[in-house]
Amino acid sequence: MTKTDKKRDKQLRELLTRLCEQHCKIIKGFSWLTHHIDWKNPQASFTLTVVFDNDTERDAFISSGERARLERVIQISLKSVGLNLKNAAKQLRYDTEEQCQLQHQGNWAKRLN
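## Re the sheet that holds strand β1 (residues 30-36)
Right, on to step 1. Taken in spatial order, the three strands line up as β1-β2-β3 in an open sheet, and their pairing is mixed. Of all strands in the sheet, those with a lone pairing partner are β1 and β3 (92-96), marking the two edges. Strand-to-strand twist in this sheet, taken as the mean axis angle between neighbours without regard to direction, amounts to 25 degrees.
Right, on to step 2. Summarising the sheet, β1 and strand β2 (residues 47-52) pair through six bridges and their orientation is antiparallel. Each residue of the ladder has a partner; that of H35, found in β2, is L48.
Right, on to step 3. Together, β1, β2 and β3 form the strand contacts of helix α6 (residues 97-104), whose direction differs from that of β3 by roughly 70 degrees.

Next up, the structure:
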């Protein structure tokens, strides 16, 4: 990773940390988020996984107006660090602690790969 990539990665992590802290307080069941990016092709490789406590809370969020609002906030925020989502429907994912526990025994590293 180049020095420029390291700097951009730090900016991205700080941005996502702020987003998480802000929205964990206001979105029911929202627990945390994580991302993946390959700095050789950041626009196409970027994915963001938003994690909820359980399926019921995730499903309620997805069917609410909160989803569209959060996705707009994410897209605007990412633009501030030079990332434009090419396909938000594929690059933004919603998952749950419940499903990770059921399918991967709580192993998020395995689940996200």
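Moving on from the model shown.
## As for helix α4 (residues 65-79)
An α-helical turn contains 3.6 residues, so any two residues separated by three or four positions project in the same direction.
Right, on to step 1. When the terminal C-alpha atoms of α4 are compared, their 22 Å separation across 15 residues agrees well with the 21 Å that a helix rising 1.5 Å per residue should span.
Right, on to step 2. Looking at α4, one finds that the buried residues are L70, E71, I74, S77 and L78. Down the axis of α4, the sector holding all buried residues measures 130 degrees, keeping them to one side. Projecting away from the buried face of α4 at angles above 90 degrees are the exposed residues G65, I76 and K79.
Right, on to step 3. Contacts from the buried residues of α4 go to α1 (3-24), β2, α3 (55-62) and β3.
Right, on to step 4. N-capping of α4 is provided by S64, with a side-chain oxygen placed 3.1 Å from the backbone N of E66.

## Here we look at the side chain of S77
Right, on to step 1. Within the secondary structure, S77 is located in helix α4.
Right, on to step 2. Among the residues examined, S77 registers a relative accessible area of 14% and is labelled buried.
Right, on to step 3. Of note is the side chain of S77, whose polar atom sits 2.8 Å from the backbone oxygen of V73.

## Regarding the nonpolar core
Right, on to step 1. Judged by nonpolar contacts, the single largest core of 24 residues is most densely connected at L12, F46, L48 and L78.
Right, on to step 2. Top element by residues in this core is α1. It accounts for five residues.
Right, on to step 3. Dropping the residues within four chain positions of it, F46 is found in contact with L12, H35, H36, I37, L78, L83, L85 and Q91.

## A closer look at the pattern of salt bridges
Opposite charge on two side chains allows them to pair when their charged atoms are near.
Right, on to step 1. Applying the stated criterion to the full structure yields seven salt bridges.
Right, on to step 2. Of the charged contacts, one joins D55 and R58 as a salt bridge, the two residues approaching to 3.9 Å between their closest N and O atoms. Pair noted here: D55 and R58 are both in helix α3, with a separation of three residues, about one helical turn.
Right, on to step 3. In this structure, the salt-bridge partner of D95 is R111, at a minimum N-O distance of 2.7 Å. Taken together, the residues D95 in strand β3 and R111 in helix α7 (residues 108-112) connect sequence positions 16 residues apart. Grouping residues by exposure puts D95 and R111 together as buried.
Right, on to step 4. Taken together, the shared-partner salt bridges in this structure form one network comprising D55, R58 and D59.

Cut-offs used in this document
Numbering of residues starts from 1 in every chain and runs along the sequence as written. Under the rules for a predicted model, residues below a pLDDT of 70 receive no local features and side-chain atom pairs below 80 are neither given nor counted, while totals for whole chains, interfaces and linings still include all residues. As a rule here, side-chain values come from all non-hydrogen atoms in the structure, and water together with hydrogens is ignored. The pairing criterion for strands is at least two bridges between them, as found by DSSP. Counting from the N terminus, the helices are the DSSP runs of H or I reaching at least four residues and the strands are the DSSP runs of E reaching at least two. Throughout, an axis means a line fitted to C-alpha atoms (over the contacting stretch in the case of helices), and angles, computed between N-to-C directions, take values from 0 to 180 degrees. Residue contacts are counted whenever heavy atoms from the two residues lie within 4.5 Å of one another. Here a helix's expected span is defined as the number of its residues, less one, multiplied by 1.5 Å. Using a 1.4 Å probe on the protein chains alone, a residue whose accessible area is under 20% of its type maximum counts as buried, one over 50% counts as exposed, and one in between counts as partly exposed. Working definition: the arc comes from the directions between the helix axis and the C-beta atoms, pointing outward to the latter. Here a polar contact is recorded for every N or O atom pair within 3.5 Å, except that within protein the pair must consist of a potential hydrogen donor and a potential acceptor, and residues adjacent in sequence are included only if both atoms are side-chain atoms. By nonpolar core is meant a set of buried Ala, Val, Leu, Ile, Met, Phe, Trp, Tyr and Cys residues that side-chain atoms within 4.5 Å join together. Salt-bridge detection follows one rule: a side-chain nitrogen of Lys or Arg within 4 Å of a carboxyl oxygen of Asp or Glu.

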